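Each chain, letter by letter, is given below.
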Amino acid sequence: MISVAGVGWVSWQGYGQGPVKHIGDMSERRLPDIPWTALFDTPDRQFGRMDAYSRIGLAAAVFAMKDARFRILDNRIKGIVAVTQTGCLRSDADYFRTVLDGRGITASPTLFAYTLPTSLIGEIAIRLGITGPGFVIQQDTLSGHAGLDLAVDILESNEADAMLVGHCDIGPPDAIQTGEPGSDLPALFFVLRKDDSLEPGYGILSVTSHGMSFGNRVVSGHIDLLASFPSHPEGML
Amino acid sequence: MDDDMINRPPIPVTGIGCICAAGDDLNACLTTLYENHECRHSCPTRFPKTDEMSCPVFEVNATALSHINRENRSVTLTTSLALEATSQALENAGWSARSLANRRVGVCVGTTVGATIISESTYYQWRAGQHPDIRPMIRNFYSNPASAIARHFDLTGPCQTVVNACASGTDAIGIAASWIRYGLCDIALAGGADELSRISYMGFMSLKIMDPGPCRPFDKDRNGLNLGEGAAILLLESPDVNRSSGNRPRSFVMGYGSANDAWRMTASRPDGKGLVSAINQALRDSHADLNQVAFVNCHGTGTRDNDRVEAHVLADMLPRVPYLSTKGYTGHTLGAAGAIEAALSVACLEKGLIPSSAGFETPDPDLPSHPVATSRPIHGNIALSQSLAFGGHNAVLIIGKEMSL
């Protein structure tokens, strides 16, 4: 059996760990400032220099680990699966500005590295010492449980005792509006763990003939999973 | 077969599509690798060069591109290439879109550029404070390669686009094989696709890892990579479907492993620990042993760091096994690379022969092992195809031939 051991999130208004009932006013979509002190015990100078996509994804992953009572560098977590829709489009725009302004000569190597959606996985792996499989899946929509399916597959194949799985998406740059609604929770990660029955966490996740189930409820994706947490009496965000 | 082998059977590959600078289909690529030994690099022709230095690239030939673009006007070139490779794979395996209608067919495709907005005009407008034309963005969202293939061929199985940088194609094939093993689909179309773009060209230039001449993987004088473009798709059948289809497997996906260096964003861990871990995981997954390995198709980009890590790991783990890089024929096709190299590895196993490692002439005395300088017969039943990616990701496929199911 696989349990959901922890959850971490970054909304447009704040950040934190554990179940969340209200995620605030979503009309103003400005990402919160997250100091490194909220994540790590020792300074991480690179954290503030990351692109926003990697920074909030890493933050949500660390909050999820803390919620699961795992240490940072806990070697039980072997892998990561992240789903995204628009990926690091904002970083693409920032990088491309350096290409256009300098006719190519001033293209920023640092920003270029962040034009890959997998930069998120790299930053998480480096900070948290995760040495197993890592995947970024780009989908037409953030709903659906493809990421959860893949993480469960990896756990069931005994490649890992615990996995981080979730989504990270901050949408396109403000000036390039595409009509895509984006996510209410730009970064949301769960720690999934092979259940040892001693610490069942928030509940058991299983694959049934109806799809992915959490407890007795079929869940359609990450947000729906969070909304299904037992300490969430309204059952919705 | 033991229980674990029954649970994790080799997955038959019955069709292959491949298009890149080396050829418009797999047979044309093989002619390049085995007969012409041509390395079709040139200055970029489809985007303006904005730097004094002009590094060569490997472009798909213009006639083929023109045809592919005409066929698929509503999607990006990356996705057009993926659609072309898919059509080839289906034809190669003898499946038509109609014959797939009642099957659970999954699609898993890796890409990098395909997940990026590369419309320069949009950025120019945005930069100038104008309202950018959002049609290129909408087109990009509509062009998610796996979704576009599923839509085009009306497929309803699992569908994922993997964006794991330069290992994306390898990962996509590994994931698709696991879908079949777990019973999520009966058939899977898996591979990778990427087009050349000025964004990635200037980015690799800024990292100073582009060779201003033809790339020379593992050579003493190697000086970086050359970018390329293309797509490859493998058609995988479940053992049950393969028995009923009667298709003769061209090879089998036997195992897959992936691991992260947890080291640096743009450099491999010098001791190759992540790559070793991925190889070992793939070997465990395949139930193969090192003595069966006929050859290794390396990532072999031609950068000093990448080639050093691979040469050391292979010298330690597979000291007598020949290896090569095919990037001297194809360029580094990023998200497509792992899939193109898997396709070429299948063909090498079929031929019992690996081609010369293009660009390699002078052994590097600082490396403990060297690739093959000339074509060489191979002995053994399995090949390793490995990919190393930004973000510290390593992925390895094990491909085998002539298994009895």
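One can find the structure itself at the top, above this paragraph.
Residues numbered from 1 in each chain as written. Chains lettered and ligands numbered in written order. Predicted model: local features only at pLDDT ≥ 70, side-chain atom pairs only at ≥ 80, totals over all residues. Heavy atoms only, no water.

Chemist: Even after reading the chapter, I still don't get the overall build of chain B, so can you show me in this structure?
Modeler: For chain B, the count of helices and strands is 14 helices and 14 strands. Its C-alpha atoms give chain B a radius of gyration of 20 Å, near enough to 22 Å, the size a compact globule of 405 residues would have. C-alpha extents for chain B along the principal axes are approximately 65 × 55 × 40 Å. Every one of the 405 residues in chain B was classed for burial, and the buried ones make up 65%. The contacts of chain B with a sequence gap of at least 6 include a subset with a gap of at least 24, amounting to 78%. Of the accessible surface of chain B, which amounts to about 14100 Å², a share of 47% is contributed by carbon and sulfur atoms. Distance from the positive charge centre (33 side chains) to the negative charge centre (40 side chains) of chain B: 2 Å. (Helix = DSSP H or I, 4+ residues; strand = E, 2+ residues; numbered from the N terminus. Rg over C-alpha atoms; globule rule 2.2 N^0.38 Å. Buried < 20%, exposed > 50% of the residue type's maximum accessible area, 1.4 Å probe, protein only. Contact = heavy atoms within 4.5 Å. Areas by Shrake-Rupley, 256 points an atom, 1.4 Å probe, with all protein chains shown as cover. Lys, Arg positive; Asp, Glu negative; His and termini not counted. Charge placed at Lys NZ, Arg CZ, Asp CG, Glu CD.)

Chemist: Looking at this structure, how should I read the overall build of chain A?
Modeler: A tally of regular secondary structure across chain A gives 6 helices and 9 strands. Of all intrachain contacts in chain A linking residues separated by at least 6 positions in sequence, the fraction that spans at least 24 positions is 70%.

Chemist: What exactly am I supposed to notice about the packing of helix H4 (residues 77–93) of chain B against helix H7 (residues 145–152) of chain B here?
Modeler: Two packed helices can be described by the angle between their axes and the distance between those axes. Residues and elements named next belong to chain B. It is at 9 Å that the axes of H4 and H7 come closest, and there the two elements cross at 50 degrees. Here H4 is positioned oblique relative to H7, judged by the angle of their axes. Handedness of the crossing formed by H4 with H7: right-handed. Residues Thr79, Ala82, Leu83 and Thr86 of H4 touch H7, and the partners they reach there are Pro145, Ala148, Ile149 and His152. Residues that form the contact of H4 with H7 fall into these classes: 5 nonpolar, 3 polar and no charged. (Axes fitted to C-alpha atoms, helices over the stretch in contact; angles between N-to-C directions. Parallel < 35°, antiparallel > 145°, perpendicular 65-115°, else oblique. Left-handed = near helix turned anticlockwise from the far one by under 90°. Nonpolar A, V, L, I, M, F, W, Y, C, P; charged D, E, K, R; others polar.)

Chemist: I'm lost on the packing of helix H2 (residues 26–36) of chain B against helix H14 (residues 337–351) of chain B in this one. Help?
Modeler: Residues and elements named next belong to chain B. Closest axis-to-axis distance for the H2/H14 pair is 11 Å, and the angle between their directions is 70 degrees. Overall, the two elements H2 and H14 adopt an arrangement that is roughly perpendicular. Every pair of crossing elements has a handedness; the one defined by H2 and H14 is right-handed. Contact residues: Leu26, Cys29, Leu30, Leu33 and Tyr34 in H2; Ala343, Leu344, Ala347, Cys348 and Lys351 in H14. Residue composition of the contact of H2 with H14, grouped by class: 9 nonpolar, no polar and 1 charged.

Chemist: Would you take a moment to explain the layout of surface pockets for this structure?
Modeler: The probe, sized like a water molecule, is rolled over the atoms to show the empty space still left. Within this model, the largest pocket holds a volume of roughly 730 Å³. Lining the largest pocket are 37 residues; nearest its centre among them are Ser157 and Glu159 of chain A together with Tyr256, Gln281 and Arg284 of chain B. Contributing elements (two or more residues each) for the lining of the largest pocket: helix H5 (146–156) of chain A together with helix H1 (3–7), helix H8 (168–181), strand S8 (251–260) and helix H11 (273–286) of chain B. A per-element tally of the lining of the largest pocket places S8 of chain B first, with 7 residues. When grouped by side-chain class, the residues that make up the lining of the largest pocket number 12 nonpolar, 13 polar and 12 charged. (1 Å grid on protein atoms, 1.4 Å probe; cavity = no way out; pocket = protein on both sides within 12 Å on 5 of 7 lines; lining within 4 Å. Points joined across faces, edges and corners; volume = space filled by probe spheres on them.)

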